[in-house]
Amino acid sequence: MTNDVEGLISVTEMDRPENHGLSSKSLLAFFTQIKQLNLKVNSFILMQNGKATSKFYRDPYRSGTPQLLFSLSKSFTSIAIGIACDERLLDLRDKVISFFPDKLPHAISDNLAEMTIHHLLSMNAGHHDNIYGSVAEQTDWVKAYLAMEVEHKPGTYYRYSTHSTYMLSAILERVTGQKLTEYLMPRLFMPLGISSPSWETCPLGVVAGGMGLSIPTEGIAKFGQMLLNKGIFNGQRIVSEKYISLATSMQSDTSRDEERIDFSQGYGYQFFLCRDGCYMGNGGYGQLCFLSPKHQVVIAATSSFSSMKELQTMLDLVYEHILMQIDTDILFEDGEQKTDLDQHLLKIPALSEPSPIRLDDLRFSFMDNKQGLTELHFAASGNEFQFKLFFGEQSVKTYPFNFSTLNHSIDHFVKDLETHDQEVVTNACWIDSNQLSLTLIYIETPYVITYFVRFYDHKIELKCTHNVSFGFGAYELIGIQV
C-alpha cells in the first residue's frame with residue numbers, strides 16, 4: 001500500500017481497493033447494508049490515496065450531472081475565505097461591522113461590535129437561536145443579520161447558522177468587488193476541473209454562501225482530495241496548509257443537545273469534526289464530503305435521505321466496513337469477489353408493465369383548490385404519453401413519460417432558493433389495473449415527486465407526494481372527466 005498522493009488525482013481512472021489495503025468483500029458488505037437499510041444514496045465515490053477505488057450512480061443519477069449541495073456549500077465558502085486570507089485581503093480578526101458601515105443598526109451592541117470573521121466561520125457569532133427565518137424573509141440579508149440581537153459574547157456559544165456563512169460571502173464581495181463564484185473560478189473551480197458551477201443568490205444578488213452551490217459529485221471528490229492533500233491539487237497550491245489546519249481543528253464545541261456522534265466531535269471553519277481524526281462537510285438530505293487523513297480516504301456522496309439521522313447511519317457503515325477494514329483485511333486476488341461487487345453496483349430496476357387503461361386524450365377538471373390546479377390532461381401514443389397540469393390560463397406543466405424506459409426532459413423547478421431549468425427524469429408504472437404512479441426525479445437535487453392517479457367512475461383521485469419536506473406540501477384532489 002502507498003500513501004503517495006503527489007501524482008495526478010483521478011476520479012475517472014479506477015483502481016482496485018485491494019491495492020490500497022481494502023478488500024472488495026468489505027465494499028460489497030458496505031453497499032449491501034446501504035441497500036438493506038434502504039438508504040437512498042444517489043451517487044458515491046470512494047478515493048484512496050488519490051485514486052477512485054469504488055463509485056456508483058443510482059439510476060437515473062449519472063456522472064457529470066450537477067448536484068445541489070445545500071449546506072455542503074459552506075465548506076467551499078470557507079476555502080474562499082482561506083484563499084482571501086492567503087492573499088492578505090482579509091484577516092480572521094477583522095470585525096464584521098467594519099465591512100458594512102452603510103447597513104449597521106442605529107445601536108451597535110458590544111457583542112455585535114466584537115464579532116469577527118473567525119466567529120462567522122466557527123459558527124459562534126453569538127446568536128442564541130436559529131435566525132434563518134428572520135433573515136431570509138427580508139430583502140436585505142446583510143442589514144437583517146446585523147439587526148439581529150447577539151445574546152452571547154462571540155466565541156462562547158455555538159449556533160449553526162447558514163446566514164453567518166452568507167455574511168462571509170457578502171464580506172468577500174465587498175473586499176474583492178467580485179461575486180463569490182467569480183472569485184473562486186480561477187482560484188478553486190478551474191484548477192479542480194469544475195467548469196460550470198452554479199450558485200444561488202440572495203434577493204439582492206449576493207451569492208448565498210451557506211447553501212445553493214451545484215457541482216457534479218466528481219467535483220466534491222476532487223475538492224475533498226485537495227483538502228486531504230493540505231491545500232494542493234495536482235501540484236498547484238489552492239489554499240495554504242495553515243488555513244486547512246485551522247479549518248479542520250476544533251474551533252467550537254458542538255456536543256450540546258447533539259446525539260449524532262459524528263456531529264458532536266466539534267466544529268472547525270465550516271467543517272464538522274468526526275471520530276478518529278476524520279472531518280466532513282455535509283448538506284441537507286445527505287450531501288457529503290468526508291475525509292480520513294489517517295487512512296488517506298475521501299468519500300463524496302449525494303443522497304435523498306429523509307433526515308440527517310440517515311447520514312449518521314451511513315457514516316457508521318463507512319467506519320465499520322471501510323475505515324476499520326483498511327490494512328486489516330486479508331487481501332488476495334479474488335476475481336469472484338470483484339465480480340460480485342461490480343454486479344451489485346450495476347443492477348438496474350425492472351421496467352414497467354404496459355398500460356391497462358388507454359391514456360389517449362383523457363381530460364379532467366378540478367374544483368377551486370389552493371394549488372391553483374384547474375385541469376389535468378393525458379395524451380398518449382403507444383408506450384409514450386404526456387402528463388399535463390394546467391394552472392389557470394397562465395401556466396402549463398408538461399411531463400413526458402414512457403412505460404418502456406426512463407424519460408429525460410427539462411423542467412423549471414426549485415433548487416434551494418430559486419427556480420431553475422434543470423433535468424428531470426420521469427418514470428411511469430401501473431400499481432394495479434386502476435392506479436397509475438408517475439415519478440419525477442430531479443437528478444440535480446434530492447427531490448423526487450410522485451403523482452398517484454386512481455381512475456374510477458369517470459373521475460380521478462390525484463395524490464401528490466414528495467420524498468423530502470423542503471418547502472413542499474403533499475395534496476389530494478378529485479378530478480371530473482370532461
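These numbers were taken from a predicted model, which means no experiment stands behind them.

**Re the overall build of the protein chain**
Link 1 in the chain: Looking only at helices and strands, the protein chain has twelve helices and 22 strands in total.
Link 2 in the chain: Relative to the compact-globule value of 23 Å for 482 residues, the protein chain shows a C-alpha radius of gyration of 24 Å, a close match.
Link 3 in the chain: Taken across its 482 residues, the protein chain has 54% of its residues classed as buried.
Link 4 in the chain: Sequence separation of at least 24 residues holds for 60% of the intrachain contacts in the protein chain that already meet a minimum separation of 6.
Link 5 in the chain: On the protein chain, roughly 20,600 Å² of surface is accessible, and the fraction owed to carbon and sulfur atoms is 49%.
Link 6 in the chain: For the protein chain, the distance from the average position of its 39 positive side-chain charges to the average position of its 56 negative side-chain charges is 2 Å.

**A short note on helix α2 (residues 73-86)**
Link 1 in the chain: Taking 1.5 Å of rise per residue, 14 residues should cover 20 Å, and α2 covers 20 Å from first to last C-alpha, within 8% of that figure.
Link 2 in the chain: Across the 14 residues that make up α2, a large majority, 13, are buried.
Link 3 in the chain: Positive phi shows up at Arg88, right after α2, with a value of about 60°.

**Let's talk about helix α7 (residues 162-176)**
Owing to its 3.6 residues per turn, the α-helix aligns residues three or four sequence positions apart on the same side.
Link 1 in the chain: End to end, α7 covers 22 Å across 15 residues, agreeing with the expected 21 Å (1.5 Å per residue, within 8%).
Link 2 in the chain: When you tally the buried positions in α7, you get eleven out of 15 residues, the bulk of the element.
Link 3 in the chain: Within α7, burial applies to Thr162, His163, Ser164, Thr165, Tyr166, Met167, Leu168, Ser169, Ala170, Ile171 and Leu172.
Link 4 in the chain: Tucked into the core, α7 has its buried residues touching α2, α4 (117-121), α5 (132-136), α6 (141-147) and α8 (180-189).
Link 5 in the chain: Downstream of α7 by one or two residues, Gly177 has phi in the positive range, about 75°.

**Examining unusual backbone geometry**
Link 1 in the chain: Asp59 connects to Pro60 through a cis peptide bond whose omega is 15°.
Link 2 in the chain: Its location among the elements puts Pro60 in the loop between β3 (51-57) and β4 (67-68).
Link 3 in the chain: Its identity is not glycine, yet Asn38 carries a phi of approximately 55°, on the positive side.
Link 4 in the chain: Note on placement: Asn38 falls in the loop between α1 (24-36) and β2 (41-48).

**A word on the environment of Met148**
Link 1 in the chain: Summarising the element assignment, Met148 is placed in the loop between α6 and α7.
Link 2 in the chain: Here Met148 falls in the partly exposed class, since its relative accessible area comes to 21%.
Link 3 in the chain: Residues Met148 and Ile131 lie 17 residues apart in sequence; the distance between their C-alpha atoms is 7.8 Å.
Link 4 in the chain: When residues no more than four places from it in sequence are discounted, the contact partners of Met148 are His127, Ile131, Ser134 and Val135.

**Overview of the sheet that holds β4**
Link 1 in the chain: With antiparallel pairing, the three strands of this open sheet are ordered in space as β4-β6-β5. The sheet is open, and its two borders are formed by β4 and β5 (198-199), each paired with just one other strand.
Link 2 in the chain: When β4 meets strand β6 (residues 213-215), the two strands line up antiparallel, connected through two bridges. For Leu68, the partnering residue across the bridge sits in β6 and is Ser214.

**Some details on the environment of Leu104**
Link 1 in the chain: Within the secondary structure layout, Leu104 lies in the loop between α2 and α3 (110-114).
Link 2 in the chain: In this structure Leu104 comes out as partly exposed when scored by relative accessible area, which is 26%.
Link 3 in the chain: Excluding anything up to four places from it in sequence, Leu104 contacts Ile97 and Leu146.

**A word on the side chain of Glu444**
Link 1 in the chain: You can see Glu444 is positioned in the loop between β19 (435-442) and β20 (448-456).
Link 2 in the chain: Within the structure, Glu444 has its side chain in polar contact with the backbone nitrogen of Glu423 (distance 3.2 Å).
Link 3 in the chain: Those residues in contact with Glu444 that lie beyond four places of it in its chain are Thr65, Pro66, Gln67, Leu68, Lys415, Gln422 and Glu423.

**Some remarks on the pattern of salt bridges**
Link 1 in the chain: Following the criterion strictly, the structure yields 19 salt bridges and no others.
Link 2 in the chain: For Asp140, the salt bridge identified is with Lys103, shortest N-O distance 2.7 Å. Taken together, the residues Asp140 in the loop between α5 and α6 and Lys103 in the loop between α2 and α3 connect sequence positions 37 residues apart. The exposure classification of Asp140 matches that of Lys103, with both residues buried.
Link 3 in the chain: The partner of Asp361 in a salt bridge is Arg363, and the shortest N-O contact between them spans 3.3 Å.
Link 4 in the chain: When its relative accessible area of 36% is taken as the criterion, Arg363 is described as partly exposed.
Link 5 in the chain: Connected via shared salt-bridge partners are Asp262, Arg275 and Asp316.

**Structural notes on the packing of aromatic side chains**
Link 1 in the chain: Inspection of the entire model under this criterion finds 31 aromatic pairs.
Link 2 in the chain: An angle of 80° between the planes, with centres 4.9 Å apart, marks the rings of Tyr267 and Phe272 as edge-to-face. Neither residue differs from the other here; Tyr267 and Phe272 are each classed as buried.
Link 3 in the chain: Three or more aromatic residues joined by ring pairs form one cluster here, namely Phe364, Phe378, Phe385, Phe387, Phe401, Phe403, Trp430, Tyr451 and Phe455.
Link 4 in the chain: Looking at Arg256, its charged tip hangs above the ring of Tyr157, at a distance of 4.1 Å from the centre.

**What to know about the sheet that holds β20**
Link 1 in the chain: Read across the open sheet, the ten strands follow the order β16-β15-β14-β13-β22-β21-β20-β19-β18-β17; overall the sheet is antiparallel. Both outer strands of the open sheet, β16 (395-402) and β17 (407-414), are each paired with one neighbouring strand and no more. On average, each strand axis in the sheet is tilted by 25° relative to the strand beside it, whichever way the strands run.
Link 2 in the chain: Note that strand β14 (residues 375-381) and strand β15 (residues 384-391) share seven bridges and pair antiparallel. Each residue of the ladder has a partner; that of Ala380, found in β15, is Phe385.

Rules used throughout
- Residues numbered from 1 in each chain as written.
- Predicted model: local features only at pLDDT ≥ 70, side-chain atom pairs only at ≥ 80, totals over all residues.
- Heavy atoms only, no water.
- Helix = DSSP H or I, 4+ residues; strand = E, 2+ residues; numbered from the N terminus.
- Rg over C-alpha atoms; globule rule 2.2 N^0.38 Å.
- Buried < 20%, exposed > 50% of the residue type's maximum accessible area, 1.4 Å probe, protein only.
- Contact = heavy atoms within 4.5 Å.
- Areas by Shrake-Rupley, 256 points an atom, 1.4 Å probe, with all protein chains shown as cover.
- Lys, Arg positive; Asp, Glu negative; His and termini not counted.
- Charge placed at Lys NZ, Arg CZ, Asp CG, Glu CD.
- Expected span 1.5 Å × (residues − 1).
- Pairing = 2+ DSSP bridges.
- Polar contact = N/O pair within 3.5 Å; in protein donor to acceptor, adjacent residues only side chain to side chain.
- Salt bridge = Lys/Arg side-chain N within 4 Å of Asp/Glu carboxyl O.
- Phe/Tyr/Trp six-rings, centres within 6.5 Å; stacked < 30°, edge-to-face > 60°.
- Lys NZ or Arg CZ within 6 Å of the ring centre and 35° of its normal.
- Axes fitted to C-alpha atoms, helices over the stretch in contact; angles between N-to-C directions.

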